[in-house]
Amino acid sequence: MGAYLVRRTISTIVLLYLIITVVFLLLHLLPGDPALAVLGGIDANPSPEDVAQVRERLGLDRPLYVQYFDYLGNIVRLDFGESFVNGRSVSSDIATRLPRTMMIIVPAIIVAVLVGMPLGIIAARYRQSVVDPMVSSIALLGFSVPVFVIGLLLVYLFSIQLGWLPANGYIDPRDDFPEFLKRATLPIVSLSLGPMALTMRMTRSSMLEQLGLDYVRTARSKGLSELTTLYRHVLRNALLPIVTIVALQFGAMFAGSVLVESIFNWPGVNAYLLTAIGVRDYPVVQGVVAVVASIFVLINFLTDISFAFFDPRIRHD
């Protein structure tokens, strides 16, 4: 177990370093000059002297390797610098916006698991009845409809037609928690439907695979009830692929929340990132990607560690 933890820790650190390095290099390879964006864009027609002054002020005139090592040193100190555009602290802005994004991602993944897993278990348990195709059709709908279409349909139905929920905007839960719940409901549901369908399908297929193995027939022949066999033995052995897919969906939700934040005017970290990309705001892009990548890599690390709990063979590897 100790050797496994050491290997996973080292590989996680290396992966995170590679992600941060690739993002830095790709940003500097993109066409366009951040100094022009600061001066109002190409249409502003700034003089070469003005551009040179801004580049010097932003540190863009230094050799690339100097900028790179400064960038790594700042990340180690969790200091992402200041925005090229507005001069605000990137770390402070991320600390404000990231919790807003997590406020819809975390509940969405919880909803996906709490609904998707029971539906998958039911579909596997009653695979030879009409229940299985009914539940599978729900998963097919979740797979087929993109998140932005789901979001727009929910807005049309629950905001425009029924008037039950507000269509957009964000309210700090510390100021008005009931209103926050109203405004967060549609974004959460929009994000959760796809992962819920995938969780359901993975649970069903994993359960069916386990139900066909010899140990299940042995448990039944010993007189164990169907529920005991299903939940105490089959479900535990089926959890590895389910845990994996849930962890992967957590990362995918960051991508899906880009559209959700745009549709529902949710001021999260993804909207912040998109704006920064458009104006070549290097510190913002690098800071957001570093934080989001760290979260995703950490989730995968914890997922790998959880495998040791579900599979004793990994503990003794």
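Residues numbered from 1 in each chain as written. Predicted model: local features only at pLDDT ≥ 70, side-chain atom pairs only at ≥ 80, totals over all residues. Heavy atoms only, no water.

A separate point is the pattern of salt bridges. Across all of its chains, the model carries 3 salt bridges by this definition. Residue Asp 172 is joined to Arg 174 by a salt bridge in which the shortest nitrogen-to-oxygen separation is 2.8 Å. Classification of Arg 174 as exposed rests on a relative accessible area of 74%. Here Glu 179 makes a salt bridge to Arg 183, at a shortest N to O gap of 3.0 Å. With Glu 179 and Arg 183 both in helix α8 (residues 177-211) and 4 residues apart, the pair spans about one turn of that helix. Residue Arg 183 is classed as partly exposed on the basis of its relative accessible area of 21%. (Salt bridge = Lys/Arg side-chain N within 4 Å of Asp/Glu carboxyl O. Buried < 20%, exposed > 50% of the residue type's maximum accessible area, 1.4 Å probe, protein only. Helix = DSSP H or I, 4+ residues; strand = E, 2+ residues; numbered from the N terminus.)

With that settled, the discussion passes to the packing of helix α7 (residues 147-161) against α8. Direction vectors running N to C along α7 and α8 enclose 140°, while the axes themselves pass 9 Å from each other. On the basis of the axis angle, α7 is oblique to α8. In the packing of α7 onto α8, the handedness of the crossing is right-handed. Residues Val 147, Ile 150, Gly 151, Leu 154, Val 155, Phe 158 and Ser 159 of α7 form the contact with α8, whose own contacting residues are Leu 186, Val 189, Ser 190 and Leu 193. (Axes fitted to C-alpha atoms, helices over the stretch in contact; angles between N-to-C directions. Parallel < 35°, antiparallel > 145°, perpendicular 65-115°, else oblique. Left-handed = near helix turned anticlockwise from the far one by under 90°. Contact = heavy atoms within 4.5 Å.)

Taken residue by residue, the chain gives an average pLDDT of 79. The fraction at 70 or more is 89%. Helix α5 (residues 90-125) holds the highest mean pLDDT among the elements of the chain, 88, whereas helix α13 (residues 312-315) holds the lowest, 56. (pLDDT = per-residue confidence, 0-100.)

A word on a nonpolar patch on the surface. On the surface, Val 6, Ile 10, Val 14, Tyr 17 and Leu 18 cluster together to form a nonpolar patch covering roughly 450 Å² of accessible area. Topologically, Val 14 is positioned in helix α1 (residues 2-29). (Patch = residues over 30% accessible without salt bridge, like charges linked within 9 Å, V, L, I, M, F, W, Y side chains within 5 Å. Areas by Shrake-Rupley, 256 points an atom, 1.4 Å probe, with all protein chains shown as cover.)

Counting 64 residues, the largest nonpolar core has Ile 94, Met 207 and Val 288 as the members making the most contacts within it. No other element matches helix α10 (residues 226-263), which puts 12 residues into this core. Ignoring anything within four residues of it in the chain, the contact list for Met 207 reads Ile 121, Ala 124, Leu 230, Val 234, Leu 235 and Ala 238. The next biggest cluster of nonpolar side chains, apart from the first, holds 5 residues, and it includes Ala 123, Val 135, Ala 197 and Met 200. (Core = buried A, V, L, I, M, F, W, Y, C linked by side-chain atoms within 4.5 Å.)

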